[in-house]
Amino acid sequence: MSTASVTPQTGTAPQPNPLETPRENPALTPALRVTRVVLIALGLAGLAWGAYVLLDTVKPARIPGIALWMGAAIVLHDAVISPLVFFCGILLRRAGDRTSGTVILVVQGALVVGSIMTLIVVPLLIAQSRGTGNPTVLPLDYGVNFAVFWGVLAVITAAASFGLYARGRKRLR
Amino acid sequence: MVQLIMRQVMYEAQRALASPVRNPRMATVIGRLLGLAFVLCFGTGLYSHFLQEPLPGMHFATRPELLYQFTQGTHIVAGIACFPLLLAKLYIVFPDLFQQPPVKSFLNFLERASIALFVGASLVQITIGLLNTYQWYPWPFPFRETHFALGWVLIGSLALHIGIKLPIIARVWRKNADDGSGDDDHLTDAVAHDRAATPEAVRLFGSSRPTGVTGRLLAWIDATPALRVERSRSSASGPDAPDSGAAPQTAAGTGSGPASGPTADPAAPARNSAAARNRLSRRGFLTTVGVSVGTVVVLTAGQTVAPLDSLNAFAPRKKGVGQQGVPVNRTSKQADVAADALAAGWVLTVAHAGVERSFSRAELLALPQTEVELPIACVEGWSQLARWRGVRLRDLADLVSADAEASFRLTSLEKKGGYRQTTMGSEYVRDPLTLVALELNGETLDLEHGYPARMIAPGRPGVLQTKWLSRIEAMDV
Ligand code: HEM
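All figures in this text were calculated on a predicted structure; none of them were measured in a lab.

Parameters and conventions
Residues numbered from 1 in each chain as written. Chains lettered and ligands numbered in written order. Predicted model: local features only at pLDDT ≥ 70, side-chain atom pairs only at ≥ 80, totals over all residues. Heavy atoms only, no water. Near = heavy atom within 4 Å. Polar contact = N/O pair within 3.5 Å; in protein donor to acceptor, adjacent residues only side chain to side chain. Helix = DSSP H or I, 4+ residues; strand = E, 2+ residues; numbered from the N terminus. Pairing = 2+ DSSP bridges. Axes fitted to C-alpha atoms, helices over the stretch in contact; angles between N-to-C directions. Salt bridge = Lys/Arg side-chain N within 4 Å of Asp/Glu carboxyl O. Buried < 20%, exposed > 50% of the residue type's maximum accessible area, 1.4 Å probe, protein only.

## A word on the site of the ligand
All names here are of chain B.
Then comes step 1: If you check the shell around the ligand, you find 23 residues, and the closest are Gly45, His49, His75, Arg144 and His147.
Then comes step 2: At 2.7 Å from a nitrogen atom of the ligand is found a side-chain nitrogen or oxygen belonging to His75.
Then comes step 3: Arg144 is positioned such that a nitrogen or oxygen atom in its side chain is 3.0 Å from an oxygen atom of the ligand.
Then comes step 4: Looking at the shell around the ligand, the elements with two or more residues in it are helix 2 (24–52), helix 3 (67–93), helix 4 (106–133) and helix 5 (143–179).

Here's what the structure looks like:
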């Protein structure tokens, strides 16, 4: 995931990795070079302190669970969410055949907004269905709110798409 | 051979994932916002931590009264904002997962490992944080200790990451300063495209593209006309027209696929419209991220930000919902205190250096009463302003001649739990707003709010506003 590997280049010769040759990197002034060293040192210190705090306060038997959750989170993102987003993107791009570019962007954006809200609300609904033993926790009708949310999102998206579509037609004429 | 195929597959993955928003500039722009959110979370989190576990000699501000409501509200709001921001950031850099070769050097290996840790820890941190506010704990480890340690891991990873990427960040900044347009047209796929034409690949596959399923899939994608741009006429001559011939190409418009659509004309207009298209994509992306952040914040922040109360659709708490109009964190049942709290013989014991005085509720009510307006502000990010009435703690402290510098140990009727016994620093003990509260919003304190008597002090987390008080004791200075 290193953006260093995708820095611009003009020829086919590989760009030197800034990580490997910090001193020759033309992008860094001396002040930035110092900043860089300080940041890296502080970062390593923070990491080390975090690891120490973890080992100091969490029972050793619990640590594998944390590692498991971190690994699972990465797999869930890289192997499930990202491909899903990728294929939705392709479908939308294909649909681009028949619609204008801005409409696609609006629909795509609305789907993203809705999906992220869904990501936050689904665990809320699960937690509510499990019950908390405290009527003041999760007191709202989240299912209804969720339906209303998607409804409003759909209406706004449709209105915006139609507006853009109509504007595009007018301009073509 | 196998290596070459692997490389080609990885390259194809990168190329298929290429998009005008997946570039270093966008990574920097979103990264800046995400970094800010992380720093806000970390700072407010640390504050919350030290309020609960002060280092020796630590003292805290008791004003403004809304201080903790503000810091912890910020923690949860910035934390929720991390969801769209983190996902956006990961979306931008996702193709780099398929870097070729996967490991370039030992340092590169360390960097990639540190990023994996950063990503995994971030996702876990925001997930357990969010679920914690739902009071749902489906993980096999303790929340608070883990969340605290991961906070350090994250802030360390962030500094490390910025340090490592500083050349790229600096380049983006410099470019902004140079051309003022802020547009970076060097895209991930521009690099991938160059690499595509490696002689081996051409020799091996006959073209720069694999055959079979992957090839057909990519051809299918490429056959799609690129996004049409209604605004191409105006923007092509606009101030942010492309500054170089290195026009970016979306995956949809690259390669040997027929670059169709209304804009596939002679070179210059095609370049301009490709640039306009990409600019549109980037604007769309930024708008989407902005709207996402706005949406998740506006629909949840009402649990602490009063003006947003009417838009509170998805927060775990609702202002005004609870006994006497105040939400409850731990119920009397969960704390198993009802029998003791309602017992006729209840007294509050105030102690200092061997002197002990006990007060029944009636005796407490007979002492001078003070009314204050203070919020109850929970670690979970909700808050509720309320009117409290009771005896000033400093008056009780004076009755047992406690030292002005003395901290107090507060004990609840709760039988167990981390907050059964807590310590209150002298700055709170001596504050005129700190009460042993007996009434809430004009009524006798409800059992759920700590009847017969509870603490209320300015600027402290709710878990330290001890309910069902049984003993308060001055500690040695
Ligand atoms: C990456 C961002 C985050 C960082 C760096 C961070 C850091 C921290 C820290 C250092 C604490 C203090 C822990 C302690 O008292 O020992 C804390 C507490 C807390 N955080 Fe976060 N946090 C982040 C994100 C979140 C999110 C997204 C949520 C929820 C939406 C959240 C919810 C909480 C809660 C509820 C507490 C109170 C824990 C308690 O005292 O019981 N955090 N956070």
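## Describing the pairing of strand 4 (residues 383–392) of chain B
Residue and element names in this part refer to chain B.
Then comes step 1: Looking at chain direction, strand 3 (residues 370–377) and strand 4 are connected through 8 bridges and run antiparallel. Across the sheet, the residue bridging to Pro375 is Leu385, located in strand 4.
Then comes step 2: Taking the residues between adjacent antiparallel strands as the criterion, strand 3 and strand 4 are bridged by 5 residues, where Gly381 takes a positive phi near 100 degrees.
Then comes step 3: Here strand 4 runs beside strand 7 (residues 435–440); their pairing, made up of 5 bridges, is antiparallel. Counterpart to Gly390 in the pairing with strand 7 is Ala437.

## Some details on the sheet that holds strand 6 (residues 421–424) of chain B
Across a sheet, paired strands are connected by hydrogen bonds in the backbone, their directions being either parallel or antiparallel.
All names here are of chain B.
Then comes step 1: Strand order across the open sheet formed by 5 strands is 2-1-10-5-6, with mixed pairing between neighbours. The open sheet has two edge strands with one neighbour each: strand 2 (355–359) and strand 6. Across the sheet, the mean angle from the axis of one strand to that of its neighbour is 20 degrees, orientation sign disregarded.
Then comes step 2: Note that strand 1 (residues 348–352) and strand 2 share 5 bridges and pair antiparallel. Paired with Leu348 across the bridge in strand 2 is Phe359.

## What to know about the pattern of salt bridges
Residues and elements named next belong to chain B.
Then comes step 1: Per the stated rule, a full pass over the model turns up 12 salt bridges over all chains.
Then comes step 2: Measuring nitrogen to oxygen at the nearest pair gives 3.3 Å for the salt bridge that ties Lys415 to Asp340. With Lys415 in the loop between strand 5 (408–412) and strand 6 and Asp340 in helix 12 (residues 338–342), this residue pair connects regions lying 75 residues apart in the sequence.
Then comes step 3: Taking the shortest distance from any N to any O, the salt bridge between Glu356 and Arg471 comes out at 3.0 Å. With Glu356 in strand 2 and Arg471 in strand 10 (residues 469–474), this residue pair connects regions lying 115 residues apart in the sequence.
Then comes step 4: Arg471 sits in the partly exposed class, given a relative accessible area of 23%.
Then comes step 5: Sharing partners across several salt bridges, the network here consists of Glu356, Arg471 and Glu473.

The quantities given are spatial measurements derived from coordinates; they are silent on function.
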